[in-house]
Amino acid sequence: MNKEKKNFINILSCFLNVSASDSFEGDIRELYRLCDIHDLGAIGAYVLKNAEINCIDKDIASKFNQQIGIAVMNYEKRENAVKSVKKLFDSTDTDHIFVKGAVVNKYYPVKEFRTSGDVDVIIRSDDYQRVLDDFKSRNVKFADISDNTLSVVVGGVNVEIHRGADADTPYFNNVFDMCSAKDKNTYILDEYEHLLYIICHLAKHLAYRGAGIRMLMDIDVMIRHIDNFNEDVLYNISERAGLLKTAQALLSLCNLWFDTPVNDCVDIKNDISLQDAFETVLIDGGCFGYENNSVPANYIGEFDKNGNLPFSKRVKAIIKMAFPGADYLTLAYPYAKKSKLLIPAAQINRIYDGLTKKSHQAKKSAKQVMAGSSVSKVQIDLLRELDIK
């Protein structure tokens, strides 16, 4: 890990531990870039200011300072969106659960600095169609509609309304039954279950194009928030959810990077290859892996024992990207849901978009696959190490 990444980790650790950074060495522009791709510029500015570390580059200093104002304004917008959604769901007797950023931001040392692009809320499966119809009748602006998720815009904020848990594990099939408290129609997920939900969601992103260090910070703040945190409780439910190794590795990484008060049960301090893999995936990739990864891991498949991706698998991955299944097509092109006869039209639409509007992304993805990207190999090896299917 180079000194800029070490500085980046140190700044996040200082923030989470409410302590001051005592030194800074390296390229301030690279530090800002890392903060920027993870949407953590406000935290970077806050720690540098409190440590009285002067930024020689006035342009970068200005950019850091701007991030604080932007974070505060966006936080207020998200909070107003949460209040609006809660008010609407309470008025229509719609049970719901807010998860991830809408909840964990309260546990951050400065709540406004837990940035996020959207608000996530879960509703009961049986209420999904009714909520969709209700939103349409209110002329709510939709960003996307699928069989399992409604993305609506509330006060300029994207709100993702999920039909049940968005965690890729049957453990949360009855997520409302896991809540022991509620405020009107707002159910509140128990703390350990919510921590596991965050871990499951991180694992889901790892199995796609990647996850960012902000998700790891959410794990840290949840652990610090839980009184007398008991690792065994979390590991017990993680095992039932099929993510024991993932939970153990992520908590050990939190301990290594953030000095989170948990045990290093996988001896990550002495496992340099695992550290390097996390560095590549969680730091280099930005918030969701988009900075260095254009291809979902499940499109790639396994590399051979020599670390090479067979040519046949490269071709298969490109074909899969160019000709995805009907489920994906109906998500990307909702008109195809009306009739199976429209699936071929959606496929033509997909190819046309790949050659025109998304040609740059398509070329980038194809290039990564045909090159047998080392990033893809690192990600797939990490998934295997964490036992993520």
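Quick notes on the rules
Residues numbered from 1 in each chain as written. Predicted model: local features only at pLDDT ≥ 70, side-chain atom pairs only at ≥ 80, totals over all residues. Heavy atoms only, no water. Helix = DSSP H or I, 4+ residues; strand = E, 2+ residues; numbered from the N terminus. Buried < 20%, exposed > 50% of the residue type's maximum accessible area, 1.4 Å probe, protein only. Contact = heavy atoms within 4.5 Å. Axes fitted to C-alpha atoms, helices over the stretch in contact; angles between N-to-C directions. Parallel < 35°, antiparallel > 145°, perpendicular 65-115°, else oblique. Left-handed = near helix turned anticlockwise from the far one by under 90°. 1 Å grid on protein atoms, 1.4 Å probe; cavity = no way out; pocket = protein on both sides within 12 Å on 5 of 7 lines; lining within 4 Å. Points joined across faces, edges and corners; volume = space filled by probe spheres on them. Nonpolar A, V, L, I, M, F, W, Y, C, P; charged D, E, K, R; others polar.

(A) Examining the environment of Asn185 more closely. Secondary-structure assignment places Asn185 in the loop between strand E6 (179-183) and strand E7 (186-189). Accessibility expressed as a relative area gives 8% for Asn185, which makes it buried. When the C-alpha atoms of Asn185 and Asp95 are compared, they prove to be 4.7 Å apart, with 90 residues separating the residues in sequence. In this view, Asn185 contacts Phe89, Asp90, Asp93, Thr94, Asp95 and His96; residues no more than four positions away in its chain are not counted.

(B) View of the packing of helix H3 (residues 41-50) against helix H4 (residues 58-91). Taken N-terminus to C-terminus, the directions of H3 and H4 make an angle of 120°; their axes are 7 Å apart at the nearest point. Taken together, H3 and H4 sit at an angle that is classed as oblique. Read as a crossing pair, H3 and H4 show a hand that is left-handed. Where H3 approaches H4, its residues Gly41, Ala42, Gly44, Ala45, Tyr46, Leu48 and Lys49 are matched on the opposing element by Phe64, Asn65, Gln67, Ile68 and Ala71.

(C) Region of the structure containing empty space enclosed by the protein. Scanning the entire structure with this criterion turns up two cavities of 30 Å³ or more. As a volume, the largest cavity reaches approximately 50 Å³. If you go around the largest cavity, the residues you meet are Arg78, Glu79, Val82, Gly101, Ala102, Asn105, Ser116, Asp118 and Val119. Looking at which element gives the most residues to the lining of the largest cavity, the answer is H4, with three residues. Partitioned by chemical class, the residues of the lining of the largest cavity number three nonpolar, three polar and three charged.

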